[in-house]
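# Structural features, examined
Take a look at the letters that make up each chain.
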Amino acid sequence: MTQDMIDRAEATMRKNDRGHYTVPTHGLYPFQWNWDSALSALGFSRFDEDRAWTEVETLFAHQWDDGMVPHIIFHQHDDGYFPGPDVWGTGREVPTTGITQPAVAGYSVHQLYRRAQDRDAAERRARALLPKIHAWHEWFYRARDPEGTGLVAIIHPWESGRDNSVDWDAAFERVPTEGVMPFKRRDTQHANPEHRPTQAQYERYIWLVQHFRGLDWDNSKLHDASPFRIVDPGFNAILIRACSELADLARQLGENDIAAQSQAYAERGIAAMESLWSDKRGQYLCFDRVTAELVDNPSSGGLLASFAAIPAHRARAVAETIARWGEKVTYLVPSQDPESPDFDSLRYWRGPVWLVVNYMIANGLERAGETKVADRIVADSLRLIEESGFAEYYSPLDAEPCGGGSFTWTAAMVIEFLTRETQS
Ligand code: GLC
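In this report, we go over the structure that sits alongside the text.

What counts, and where the lines are drawn
- Residues numbered from 1 in each chain as written.
- Predicted model: local features only at pLDDT ≥ 70, side-chain atom pairs only at ≥ 80, totals over all residues.
- Heavy atoms only, no water.
- Pairing = 2+ DSSP bridges.
- Helix = DSSP H or I, 4+ residues; strand = E, 2+ residues; numbered from the N terminus.
- Salt bridge = Lys/Arg side-chain N within 4 Å of Asp/Glu carboxyl O.
- Buried < 20%, exposed > 50% of the residue type's maximum accessible area, 1.4 Å probe, protein only.
- Axes fitted to C-alpha atoms, helices over the stretch in contact; angles between N-to-C directions.
- Left-handed = near helix turned anticlockwise from the far one by under 90°.
- Contact = heavy atoms within 4.5 Å.
- Nonpolar A, V, L, I, M, F, W, Y, C, P; charged D, E, K, R; others polar.
- Phe/Tyr/Trp six-rings, centres within 6.5 Å; stacked < 30°, edge-to-face > 60°.
- Lys NZ or Arg CZ within 6 Å of the ring centre and 35° of its normal.

With that settled, consider the sheet that holds strand E7 (residues 293-295). Spatially, E3-E6-E7 is the arrangement adopted by the three strands of the open sheet, whose pairing is antiparallel. Strands with a single pairing partner mark the edges of an open sheet, and in this sheet they are strand E3 (230-231) and E7. Relative to E7, strand E6 (residues 286-288) is paired through three bridges, and the arrangement is antiparallel. Among the inter-strand pairings, Asp288 is bridged to a residue of E7, identified as Glu293.

Pasting the structure below:
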């Protein structure tokens, strides 16, 4: 049974492999996505080490001069996706978008290095990636934390990877729609519109893209010029974890400056995360930099914070919150508190379960010793696959598979769960 599931996951990944990068799924997402690739590399590393490194290397081959690593790389033309390169207008030879995505790569590369059988190749490839990943982290703290708070902001919901989370609703009220170009969405031709973001949200997504394009994608201006500036605990936790993993890797490779700076980023970040804690919710919350207020919404972003080395009593409280949510759903972890009035079991990041989020939460909780909840998350994830195959995301109530099918990172996470070692 287990081997059969691993074989099917591997076949799904192979099917979406375009040689030097993978697409998240055929049709809906026909290019390379940033955190999809970093997480997919983990899956590859269990059956094709060389291919795993290549996935990350391809991503970093498209890093911008300022250090930013884009959220999509448009390797080849495809009309099936909107907004394509002409809307972004970033002027790059191989077109990319002009925003980023969660910084998983530092974590993944350290894992690839630890797992590698071919030690020489791993050392060579890790050594080459190390300064690039570090430059991305430096970019984050320079461009997205101009006041040096220790936490970075996202300037577009797509950067979070949790596109239409309830977390962004209030801030989105401030994003105008005047002057938005007329456009035709493609996502709703591939997937059920009821399970996707709304038209009103899409208009604002595009308004922000046009706004940033009008500033020539100059990252020294974008942060302050964006009406949408949110500090997302999940996003920051991923970056913090990546910094601390990179510090470890750098130490092993004798790169002491990178090690020291990465460690300092991680420590400052963990300390600053405390400002996002909510006792009332038993989780971390987003912070809106424009209004200088916490966003009092219980989404999985605040649980994902456990991927970083948060204090043990916080990890315990997050585990308790997840256990409480677990009483209301059949499958953990919903992307929104099932008791919240905004919970929608099928609409994208407003309720459904995503296996990548499950993986990172379970990984963090396990490290913190919260194994009971971590084990339930893993078990629920595997039950979802048995019930509904390798979907993009699932209803936490009845496992209904939603969005795209044959999804790469879902398959990669299944391989990770089934080959799980004790986390270190
Ligand atoms: C959606 C998700 C995002 C993901 C992308 C490709 O936009 O919200 O997190 O990276 O699809 O799978």
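The subject of this paragraph is the pattern of salt bridges. Opposite charge on two side chains permits pairing when their charged atoms draw close. Across all of its chains, the model carries 31 salt bridges by this definition. Here Arg125 and Glu57 are joined by a salt bridge, their closest N and O atoms 2.8 Å apart. Taken together, the positions of Arg125 in helix H6 (residues 119-143) and Glu57 in helix H3 (residues 49-60) put the pair 68 residues apart, joining distant regions of the chain. Given the relative accessible area of 27%, Glu57 is considered partly exposed. Across the pair Glu274 and Arg314 runs a salt bridge whose closest N-O atoms are separated by 2.4 Å.

Between H6 and helix H13 (residues 256-273), whose axes approach to 11 Å, the crossing angle comes to 40 degrees. By crossing handedness, the relation of H6 to H13 is classed as left-handed. Together, Leu130, Pro131, His134, His137, Glu138 and Tyr141 of H6 and Ile258, Gln261, Ser262, Tyr265 and Arg268 of H13 make up the contact between the two elements. Class assignment of the residues belonging to the contact of H6 with H13 gives a composition of five nonpolar, four polar and two charged.

On to the packing of aromatic side chains. Within this structure, the stated rule accounts for 32 aromatic pairs. With 6.0 Å between their ring centres and 85 degrees between their planes, Tyr29 and Phe407 make a pair best called edge-to-face. Taken together, the positions of Tyr29 in the loop between helix H1 (2-15) and strand E1 (32-33) and Phe407 in the loop between strand E9 (401-402) and helix H17 (408-418) put the pair 378 residues apart, joining distant regions of the chain. The burial state of Tyr29 is the same as that of Phe407; both residues are buried. On the numbers, 5.2 Å between centres and 85 degrees between planes, the contact of Trp35 with Trp409 is edge-to-face. Here Trp35, found in helix H2 (residues 34-44), pairs with Trp409, found in helix H17; they are 374 residues apart in sequence, far enough to count as distant. The exposure classification of Trp35 matches that of Trp409, with both residues buried. Grouping aromatic residues by their ring pairs yields a cluster made of Tyr29, Phe31, Trp33, Trp35, Phe74, Tyr81, Tyr348, Trp349, Trp354, Tyr393, Phe407 and Trp409. Over the aromatic face of Tyr113 sits the side chain of Arg119, whose NZ or CZ is 4.6 Å from the ring centroid. The residue whose ring lies beneath Arg196 is Tyr348, and the NZ or CZ to ring-centre distance is 4.5 Å.

Here we take up the packing of H6 against helix H12 (residues 233-252). Contact geometry of H6 with H12 gives a least axis separation of 11 Å together with a crossing angle of 140 degrees. Seen from above, H6 lies across H12 with left-handed handedness. Residues Ala126, Leu130, Ile133, His134, His137, Phe140 and Tyr141 of H6 touch H12, and the partners they reach there are Phe235, Leu239, Ile240, Ala242, Cys243, Leu246, Leu249 and Ala250. Within the contact of H6 with H12, the residues separate by chemical class into 13 nonpolar, two polar and no charged.

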